[in-house]
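Structure at a glance
Here's the letter readout for the chains.
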Amino acid sequence: MRLSRSFGKTLRQAPSDAETASHQYLVRAGFVQQVAAGIYSYLPLGWRSLTKISNIIRQEMDRAGAQEISMPVVQPRELWEQSGRADTFQPPLATLVDRRDRKMVIAPTHEETTTFMAAANLESYRDLPFNLYQIQTKFRDEARPRAGLLRVREFEMKDAYSFDRDEAGLDVSFKAMAAAYHRIFSRAGIDVRMVEADSGPIGGKDSNEFVLLAESGEDTIFVCSDENCGYAANAEKAEFKKPVADAEEQGELAEFHTPGIKTIEALAGFLEVPVSKTVKAVFYAPETSSGGEIIFVSIRGDLEVNETKLRNAMGGAQPRLATREEVEAAGLVAGSASAIGLDAVGGPRSRASITSIVDDSVVNSPNLVAGANRADYHLKNGNYGRDFTADIVVDIAMARAGDPCPGNCDGHLVEHRGVEVGHIFKLGTGYSEAMGATFIDEDGTEKYPIMGCYGIGIGRLLAATVEANHDERGMVLPRAIAPYEVYLAGLNTNDDTVVAAAEKFYDELTAAGVEVLFDDREEPPGVKFNDADLIGLPLRVVVSARGLRNGEIEMKRRDADEATMAPLSEGVNAVKAALEG
RNA sequence: CGGGGAGUGGCGCAGCUUGGUAGCGCGCUUCGUUCGGGACGAAGAGGUCCCGGGUUCAAAUCCCGGCUCCCCGACCA
């Protein structure tokens, strides 16, 4: 391709509203153009990259046994009413009304449509398993799109849906997809890690995210410092070994005066005990609660509540912090509250509907300092089981950098920022039940297929790649997803000999199957070098008067500091070798 | 949804306080010179100043209403 004919121009300055590196470079290099908030057009260079990513994905999905299909973007709202997600999906469904006043939605994902289609084509266990995928546009009306392509409203997504006869089958499908994902990201030339993730209110039991490490990412992930361990998890999901307190005799529960002490730090300091010897209370309420309901969370003083884990402990209901009014109405004394005495006559349980959730750290720690449920008083030697119990005991603690890895190793958790570029879920039978997809099993009984779903955000993957691969001059694109392999610049456009040599070499490279972007513009060298760096193709090749004096061309990999020379007569092979580099 | 900021040729900005000719850099066109890290000279083209209303002899500028975009937070199969 001749750069002079390629639609789209490079910009010397980034638009003022672009802040992240990928946003600035993708716009400046003419890969994408914004149309509205979170809505972009892809220009030829950007679309070529996106197509390369898509093709890698296609090959690996096909290899893994999935079959490509295409489902509609606009679909009847009834499908969503059937699954029960019409009014609960977040962000809210984008809807429109057709000419017959039928409500339609612009699909944000395709579980419903896939399962609807499966229902019509699935009859026997002999039809299973199958895995269907598509690469297609999604629309999610996000409240706040941001950072160029990193978080958009309309985007290209590869979404796959597996249907299996039983759990064992799902495990096979799930593992096959995980393996395919690893191959996809590896082939794309980017370092993506699979981490354990929360599946959210929708998902089933297992869920893994694929995260590209980059400082500008929105997600926090923890990775074990021990490389042999391999533990990695999203912060929402991450677990850690909680230090086990030394065994000690249970002391006698005793109340004591703590004037003006409101915080755990102050309490620990006042008593000269470590914060890990205290238990703190945090009050939540179901998000939809209008009062009278308290989720009473007890967790050791040195730990913080992980609200995602809390939500899961609550069966998927989103918690919110309780208001001061709700806390007071329940007779809880902020700063001196504890689960000890919740059931006292006239106590909190008699005034509000209270669910007591205790982090397992509390259960394993003897003789804790806890609130006395009256202002300025606390209790010594609180012991779970003897002095208080809980409705639910579970891990609801937020992992932190440096915490011991939960794996069978001596490592600790290291914190990273990352961009979620893929996510795979074990869904179970929720959708097949809702959409009425069934099959007759070998024993003659009717059963629901067990589903999994598997997504990759393609545009986000491109943006994340740029976030992880750029310098101060521009992008440094991996060969597999760069729009072209070689940036060929003919310098000295006033010299017919050079122009002719560049043209000829362009033809030779193209004939040899090398993907070349030929900068044939009449621009000074500096402009060409700068655009080459900005666009970030893997290899820059220069044909110039200076080089031709020795019958040579110059090659410089984008990821290298130094250029090398090669005889023009051996140019094609030299370029191929340099690309393999 | 809460908080903050911004809308003036393709891009980056000034002008607005104190109303009166719309300006600068880059880019673009033509001609000439130049040719290894964003060249130089000369001559040009290009703007509903986000939209609507109001005040005024006169509005980019003042007032009112709205829209859009960006950032932080909340939210986020």
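Before going into details, it helps to say that this report is about the structure given with it.

Calculation criteria
Residues numbered from 1 in each chain as written. Chains lettered and ligands numbered in written order. Predicted model: local features only at pLDDT ≥ 70, side-chain atom pairs only at ≥ 80, totals over all residues. Heavy atoms only, no water. Axes fitted to C-alpha atoms, helices over the stretch in contact; angles between N-to-C directions. Helix = DSSP H or I, 4+ residues; strand = E, 2+ residues; numbered from the N terminus. Parallel < 35°, antiparallel > 145°, perpendicular 65-115°, else oblique. Contact = heavy atoms within 4.5 Å. Nonpolar A, V, L, I, M, F, W, Y, C, P; charged D, E, K, R; others polar. Near = heavy atom within 4 Å. Polar contact = N/O pair within 3.5 Å; in protein donor to acceptor, adjacent residues only side chain to side chain. Salt bridge = Lys/Arg side-chain N within 4 Å of Asp/Glu carboxyl O. Buried < 20%, exposed > 50% of the residue type's maximum accessible area, 1.4 Å probe, protein only. Left-handed = near helix turned anticlockwise from the far one by under 90°.

A few points about the packing of helix 1 (residues 21-28) against helix 11 (residues 458-468)
- Look at helix 1 against helix 11: their axes get within 8 Å of each other, and the N-to-C directions meet at 105°. The orientation of helix 1 relative to helix 11 falls into the category roughly perpendicular. Seen from helix 1, the contacting residues are Ala21, Ser22, His23, Tyr25 and Leu26; seen from helix 11, they are Leu462, Ala463, Val466 and Glu467.
- Classifying every residue of the contact of helix 1 with helix 11 by side-chain character gives six nonpolar, two polar and one charged.

Here we look at the protein's contact with RNA strand B
- In the neighbourhood of RNA strand B, 45 residues make up the surrounding shell, with Glu111, Arg151, Arg473, Ser544 and Glu554 lying closest.
- Protein-adjacent atoms of RNA strand B, using a 4 Å cutoff, are sugar or phosphate at a proportion of 46%.
- Within the contact set of RNA strand B, a base nitrogen lies 3.4 Å away from a side-chain nitrogen or oxygen of Thr493.
- Residue Glu554 places a side-chain N or O atom 2.3 Å away from a base nitrogen belonging to RNA strand B.
- Broken down by element, the residue count for the surface near RNA strand B peaks at seven residues, all from helix 13 (residues 525-535).
- Here the residues of the surface near RNA strand B are counted per class, giving 19 nonpolar, eleven polar and 15 charged.

Considerations on the pattern of salt bridges
- In this structure the tally under the stated criterion is 33 salt bridges.
- In this structure, Asp87 and Arg77 form a salt bridge, with 2.9 Å as the shortest nitrogen-oxygen distance. On the criterion of sequence distance, the pair formed by Asp87 in the loop between helix 3 (77-83) and strand 5 (94-97) and Arg77 in helix 3 is long-range, its members being ten residues apart.
- Asp87 sits in the exposed class, given a relative accessible area of 67%.

Points about the packing of helix 2 (residues 44-63) against helix 5 (residues 167-187)
- Relative to each other, helix 2 and helix 5 sit at 150°, their axes nearing to 9 Å. Compared by their axis directions, helix 2 and helix 5 come out roughly antiparallel. The element helix 2 and its partner helix 5 pack so that their crossing is right-handed. Of the residues in helix 5, those in contact with Ile56, Ile57, Gln59, Glu60, Met61 and Arg63 of helix 2 are Met177, Ala180, Tyr181, Arg183, Ile184 and Arg187.

A few points about unusual backbone geometry
- The omega torsion across Gln90 and Pro91 is -5°, close enough to zero to call that bond cis.
- Position of Pro91 among the secondary structure elements: in the loop between helix 3 and strand 5.
- Pro129 follows Leu128 through a cis peptide bond whose omega is -5°.
- Looking at the element boundaries, Pro129 is found in the loop between helix 4 (111-121) and strand 7 (130-139).
- Positive phi is not limited to glycine here, since Asp101 has a value of about 65°.
- In this fold, Asp101 is placed in the loop between strand 5 and strand 6 (103-106).

Geometric descriptors of this kind do not, in isolation, establish any biological role.
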